[in-house]
Amino acid sequence: MTMKSALTVPPLAEQPLNDPRVNRASIGRLVREFYAKLRKNERLGPIFARAITGDWEPHLEKMTDFWCSVILKTGDYHGRPVPAHVKLKDVTEADFDIWLAMFGKTAAELFAPETAAVFIDRAERIATSLKLAMFFRLDPPQQAAAG
Ligand code: HEM
């Protein structure tokens with residue numbers, strides 16, 4: 001392999017997952033089963049119920065687009081996850097542990113272990129960047145200066 005071709009091979013996370021059982025239908029099932037569990041969770045259920053008050057169908061379709069883009073590189077998702085989460089003031093870092101545990105459990109129920117591991121790895125990375133956007137502050141709040 002020449003240096004040039006090595007540089008043009010995209011990193012693993014940019015390549016579509018190569019598992020014929022992963023397609024929009026199976027990702028849609030993952031999304032639906034995952035959110036059915038989340039909505040029943042005593043901590044996260046009420047947070048979602050407050051944020052999504054009407055029809056859940058658009059959210060489930062958007063999340064299916066999102067996961068198809070992340071895993072299959074379909075480019076179906078065009079949303080902005082950071083502002084959607086930054087505005088959720090009652091969410092804590094510990095809530096992400098619940099979210100990730102339930103997501104991991106659902107992925108493991110539906111997919112082969114190696115495939116579930118790819119979904120879980122992506123979810124963990126995205127959760128880390130969402131948590132940075134939501135909770136990380138370089139400076140303490142500037143309350144003293146405001147008063
Ligand atoms: C405790 C953890 C989390 C909570 C409570 C949460 C909650 C929510 C809520 C309530 C919305 C809907 C916002 C709205 O439409 O107004 C939303 C949207 C979304 N969430 Fe999360 N979320 C969490 C973690 C995650 C993680 C780890 C991911 C990705 C791996 C994720 C991906 C998304 C995406 C893609 C959207 C759609 C954003 C858009 O384009 O509108 N969420 N989330």
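Our structure's up above, just so we're on the same page.
Residues numbered from 1 in each chain as written. Predicted model: local features only at pLDDT ≥ 70, side-chain atom pairs only at ≥ 80, totals over all residues. Heavy atoms only, no water.

## Structural notes on the overall build of the chain
Phase 1: Looking only at helices and strands, the chain features eight helices and zero strands.
Phase 2: The linear arrangement of helices and strands in the chain, starting from the amino end, is α-α-α-α-α-α-α-α.
Phase 3: The buried share of the chain, taken over its 147 residues, is 35%.
Phase 4: Residue pairs in contact within the chain that sit at least 24 positions apart in sequence constitute 79% of those at least 6 positions apart.
Phase 5: Here the chain has roughly 9500 Å² of accessible surface; of this, 60% comes from carbon and sulfur atoms. (Helix = DSSP H or I, 4+ residues; strand = E, 2+ residues; numbered from the N terminus. Buried < 20%, exposed > 50% of the residue type's maximum accessible area, 1.4 Å probe, protein only. Contact = heavy atoms within 4.5 Å. Areas by Shrake-Rupley, 256 points an atom, 1.4 Å probe, with all protein chains shown as cover.)

## Brief notes about the coordination of the iron atom of the ligand
Phase 1: On the protein, H85 (NE2) is the one donor atom to the iron atom of the ligand, at 2.0 Å.
Phase 2: Within the secondary structure layout, H85 lies in helix α5 (residues 81-86). (Donors = N, O, S within 2.8 Å, 3.2 Å for Na, K, Ca; no water.)

## Description of helix α7 (residues 113-135)
Phase 1: In a regular helix each residue adds 1.5 Å, so 23 residues correspond to 33 Å; α7 covers 32 Å between its end C-alpha atoms and thus fits that length.
Phase 2: Every buried residue of α7 is listed here: T115, A116, F119, R122, A123, A127, L130, K131 and M134. (Expected span 1.5 Å × (residues − 1).)

## Some details on the packing of helix α4 (residues 57-72) against α7
Phase 1: Where α4 contacts α7, the two axes come as close as 11 Å, and the packing angle between them is 110 degrees. In terms of their interaxial angle, α4 and α7 are classed as roughly perpendicular. Contacts between α4 and α7 pair F66, W67, V70 and I71 from the former with V118, F119, R122, A123 and I126 from the latter.
Phase 2: Taken together, the residues of the contact of α4 with α7 break down into eight nonpolar, no polar and one charged. (Axes fitted to C-alpha atoms, helices over the stretch in contact; angles between N-to-C directions. Parallel < 35°, antiparallel > 145°, perpendicular 65-115°, else oblique. Nonpolar A, V, L, I, M, F, W, Y, C, P; charged D, E, K, R; others polar.)

## Structural notes on the nonpolar core
Phase 1: Membership of the largest hydrophobic core comes to 36 residues, with the highest contact counts inside it found for I27, Y35, W67, I71, W99 and F119.
Phase 2: Take this core: its biggest share by element is eight residues, from α4. (Core = buried A, V, L, I, M, F, W, Y, C linked by side-chain atoms within 4.5 Å.)

## Regarding the pattern of salt bridges
Phase 1: Evaluation of the coordinates by the stated rule reveals 13 salt bridges.
Phase 2: Residues R21 and D19 are paired through a salt bridge, measuring 3.4 Å at the closest nitrogen-oxygen approach.
Phase 3: Of the charged contacts in the structure, one is a salt bridge between R43 and D95, with a shortest N-O distance of 2.7 Å. Residue R43 is found in the loop between α2 (24-40) and α3 (44-51), and its partner D95 is found in helix α6 (residues 93-110); the two are separated by 52 residues along the sequence.
Phase 4: One connected set of salt bridges, linked through shared partners, spans R24, R32, E57, E61, D65 and D76. (Salt bridge = Lys/Arg side-chain N within 4 Å of Asp/Glu carboxyl O.)

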